[in-house]
Amino acid sequence: MAQIELDRDLIRRYDKLGPRYTSYPTAMEFTEDLDDIRYARLAQMSNDDPIPKSLSLYVHIPFCRALCYYCACTKIITRHPEKAEVYVDYLCREIELQGGLFDRDRRVSQLHWGGGTPTFLNAEQMNRVMGALEKSFSLSQDESREFSIEVDPRTVNEEIVEHLAGLGFNRISMGIQDLDADVQRAINRVQSAADTFAVFDAARACGFRSVAVDLIYGLPRQTVAGMALTLYRLMQRRPDRIALYSYAHLPHMFKAQRLIKDAELPGADTKMAIFERAVDLLTEAGYVYIGMDHFALPEDELVTAQERGDLQRNFQGYSTHADTDLIGLGVSSIGKIGDSYAQNQKYLNGYYAALDNDRLPIWRGVELSPDDRLRREIIHQLMCYGKLEMKALSDRYGINFQDYFSDDLERLQGLAADHLVETGPGSIEVTPKGRLLLRAIAMNFDAYRRQPGAAKSFSRVV
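Residues numbered from 1 in each chain as written. Predicted model: local features only at pLDDT ≥ 70, side-chain atom pairs only at ≥ 80, totals over all residues. Heavy atoms only, no water.

Q: Quick rundown of the packing of helix α8 (residues 224-235) against helix α9 (residues 268-284)? Include the residues and the values.
A: Packing of α8 against α9 leaves a shortest axis separation of 9 Å and a crossing angle of 25°. Here α9 runs roughly parallel to α8, going by the angle between their axes. Once α8 is placed against α9, the crossing between them reads as right-handed. Across the interface between the two elements, Val 224, Met 227, Ala 228, Leu 231, Tyr 232 and Met 235 of α8 pack against Thr 270, Ala 273, Ile 274, Arg 277, Ala 278, Leu 281 and Leu 282 of α9. Partitioned by chemical class, the residues of the contact of α8 with α9 number 11 nonpolar, 1 polar and 1 charged. (Axes fitted to C-alpha atoms, helices over the stretch in contact; angles between N-to-C directions. Helix = DSSP H or I, 4+ residues; strand = E, 2+ residues; numbered from the N terminus. Parallel < 35°, antiparallel > 145°, perpendicular 65-115°, else oblique. Left-handed = near helix turned anticlockwise from the far one by under 90°. Contact = heavy atoms within 4.5 Å. Nonpolar A, V, L, I, M, F, W, Y, C, P; charged D, E, K, R; others polar.)

Next up, the structure:
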């Protein structure tokens, strides 16, 4: 796929509110009609498929020791480790219940622990969770498996990294955001570059196949020069993947963000300049733009998955192993079984109450209609590959693409006039100028976003 071309005027015009498309329909469309009983039936239906899919597991550990002011994740701030002990008890029970729904010949090829801070757990608690997973599921021992964990460099040392490798993790992701000390103080996340790089070097020494880092642009007190220096220092270590997220300032939705001073946020022009400089540095250093904030080295599996056609986008961002059913484990986690999404209870009291009654803590979800499935594939193709083949979709879904999407294609002409997409007789292709605006392009095919006020709970697309 072609690299990116940044056009400030176009970005200003199209930088509106919209979904990140980690699912379609988005979580805004989930309802409580999908409960634990219906979920169990959907799981059985997935077992009965002629060729059942392999499995992907997401484990949510919600605890953090300190509040990062920018964070919009589901988390619980505490310095009481006993809370994690109780949580692990319930999590292991959920793992057992979920494992009972899926045939043991369905191999787990992908595992991800996210948070919160998974490394809030101590070594014994991690052992318990991994032991429960091994007991209830068939974890792949193949070299191609992707077992990843998010770590906070402030809570990890070389001994813990070595322990994670011993548990079977082969990928590690570190939250950094910015190495500038002034920015760190403004967001209440102070971590030294020395500590961060020590974890990075330990991961390499322990044989982790991939080391990824997360950065955020648009944070308070951030400057073009400061972010450039952060990138220079990081690229000396050559992380395999770099996620460069736009800070979404939504204090009306996330209480912690009210602790950020509006006056210290970079203006729109400065934020765009930070992003532009970062993109230049990353592409000059040889990183490939996957899409939606993600950059990777040319030899990384994300790049090869995109080239092979089995890249996916889910609640953890871009990843490989597209043809899997995803099981969400832990409070607030979201899974995808067949043509459905299901989310666990958002708060601990509801999560614990369900498990106390030997019921899965399913809170809400959605089963996709035929139109949802079609539009999901279109949005997936655009977000992952930047291209649509109309005839292939017409044949697969038994439709005439031009007729079915006549209104959508008419709206698309405005994007084509701005050279964000190129439309041919049988295809739609995102241009280098459009690649930074994938969300805005995908929204064109989102039936739910046409309702009045539908976008108000989303962040800006750049």
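Q: An account of the environment of Ile 149 is requested, with residue identities and associated values reported.
A: Note that Ile 149 resides in strand β6 (residues 146-151). Those residues in contact with Ile 149 that lie beyond four places of it in its chain are Trp 113, Pro 118, Leu 164, Phe 169, Arg 171, Ile 172 and Ser 173.

Q: Tell me what's going on with the nonpolar core, and back it up with residues and numbers.
A: Counting residues in hydrophobic clusters, the biggest one holds 128 residues, and the most contacted among them are Trp 113, Leu 133, Phe 137 and Phe 169. With 8 residues, the top contributor of residues to this core is helix α3 (residues 81-99). Ignoring any residue separated from it by four or fewer positions in sequence, one finds Phe 137 in contact with Leu 55, Leu 57, Ile 95, Gln 98, Gly 99, Phe 102, Arg 104, Val 108 and Ile 327. In terms of nonpolar packing, the next biggest core, distinct from the first, is built from 11 residues, Val 183, Ile 216, Leu 219 and Tyr 247 among them. (Core = buried A, V, L, I, M, F, W, Y, C linked by side-chain atoms within 4.5 Å. Buried < 20%, exposed > 50% of the residue type's maximum accessible area, 1.4 Å probe, protein only.)

Q: Which residues make up the side chain of Thr 119, and what values do they have?
A: With respect to the helices and strands, the residue Thr 119 is situated in the loop between β4 (107-115) and α4 (123-136). Residues within four places of Thr 119 in sequence aside, it is in contact with Arg 65, Met 126, Glu 150, Val 151, Asp 152, Thr 155, Val 156 and Leu 164.

Q: Explain helix α13 (residues 390-397) residue by residue, including any values.
A: Residues that lie three or four places apart on an α-helix share one face, since the helix turns once every 3.6 residues. Along α13, the positions that sit buried rather than exposed are Met 390, Leu 393 and Ser 394. The buried residues of α13 all sit within an arc of 100° when viewed along its axis, so they share a single face. Exposed side of α13, more than 90 degrees from the buried face: Lys 391 and Asp 395 are the residues found there. Buried residues belonging to α13 abut α12 (370-385), β18 (387-389), α14 (401-404), α15 (406-417) and β20 (427-430). Following α13 by one or two positions, Gly 398 adopts a phi angle in the positive range, close to 65°. (Arc of directions from axis to C-beta.)

Q: Help me get a handle on a negative patch on the surface, residues and values and all.
A: On the surface, a cluster of negative charge is made up of Asp 48, Asp 49, Asp 103 and Asp 105. Mapping Asp 48 onto the fold places it in the loop between α2 (36-47) and β1 (54-61). Exposure remark for Asp 48: the relative accessible area of 56% places this residue in the exposed category. (Patch = residues over 30% accessible without salt bridge, like charges linked within 9 Å, V, L, I, M, F, W, Y side chains within 5 Å. Areas by Shrake-Rupley, 256 points an atom, 1.4 Å probe, with all protein chains shown as cover. Salt bridge = Lys/Arg side-chain N within 4 Å of Asp/Glu carboxyl O. Lys, Arg positive; Asp, Glu negative; His and termini not counted. Charge placed at Lys NZ, Arg CZ, Asp CG, Glu CD.)

Q: Just give me the short version of the packing of aromatic side chains, but keep the residues and values in it.
A: Tallying each qualifying case throughout the model produces 13 aromatic pairs. Ring centres of Phe 30 and Tyr 341 lie 6.1 Å apart, and the angle between their planes is 15°; this geometry places the pair in the stacked category. Residue Phe 30 is found in the loop between α1 (8-14) and α2, and its partner Tyr 341 is found in strand β16 (residues 340-344); the two are separated by 311 residues along the sequence. Residue Phe 30 is classed as buried on the basis of its relative accessible area, which comes to 7%. Taking relative accessible area as the criterion, Tyr 341 reaches 4% and is therefore assigned buried. Through a chain of ring-to-ring contacts, three or more aromatic side chains come together here, namely Phe 63, Tyr 87, Tyr 90, Phe 120, Tyr 351 and Tyr 352. Sitting over the ring of Tyr 318, Arg 313 keeps its end group 4.8 Å from the ring centre. One cation-aromatic arrangement involves Arg 364 over Trp 363; the distance from NZ or CZ to the ring centre is 4.2 Å. (Phe/Tyr/Trp six-rings, centres within 6.5 Å; stacked < 30°, edge-to-face > 60°. Lys NZ or Arg CZ within 6 Å of the ring centre and 35° of its normal.)

Q: Could you give an account of empty space enclosed by the protein, naming the residues involved and the relevant values?
A: By the definition in use, this model includes 2 cavities of 30 Å³ or more. In terms of lining, the second largest cavity is formed by Tyr 39, Gln 98, Gly 328, Ser 333, Gly 335, Ala 342, Gln 343, Asn 344 and Ile 362. Class assignment of the residues belonging to the lining of the second largest cavity gives a composition of 3 nonpolar, 6 polar and no charged. (1 Å grid on protein atoms, 1.4 Å probe; cavity = no way out; pocket = protein on both sides within 12 Å on 5 of 7 lines; lining within 4 Å. Points joined across faces, edges and corners; volume = space filled by probe spheres on them.)

Q: Tell me about unusual backbone geometry, residues and numbers included.
A: Cis peptide bonds are those with omega within 30 degrees of zero, and the linkage from Tyr 24 to Pro 25 qualifies with -5°. With respect to the helices and strands, Pro 25 occurs in the loop between α1 and α2. Following Gly 115, the chain continues into Gly 116 via a peptide bond in cis, with omega recorded as 15°. Structurally, Gly 116 is set in the loop between β4 and α4. Here Gln 177, not a glycine, exhibits a phi torsion of approximately 75°, which is positive. Checked against the element boundaries, Gln 177 lands in strand β7 (residues 171-177). Positive phi is not limited to glycine here, since His 419 has a value of about 60°. Tracing the backbone shows His 419 in the loop between α15 and β19 (421-423). Its relative accessible area of 52% is what places His 419 among the exposed residues.

Scope: geometric values only; no functional claims are made or implied.
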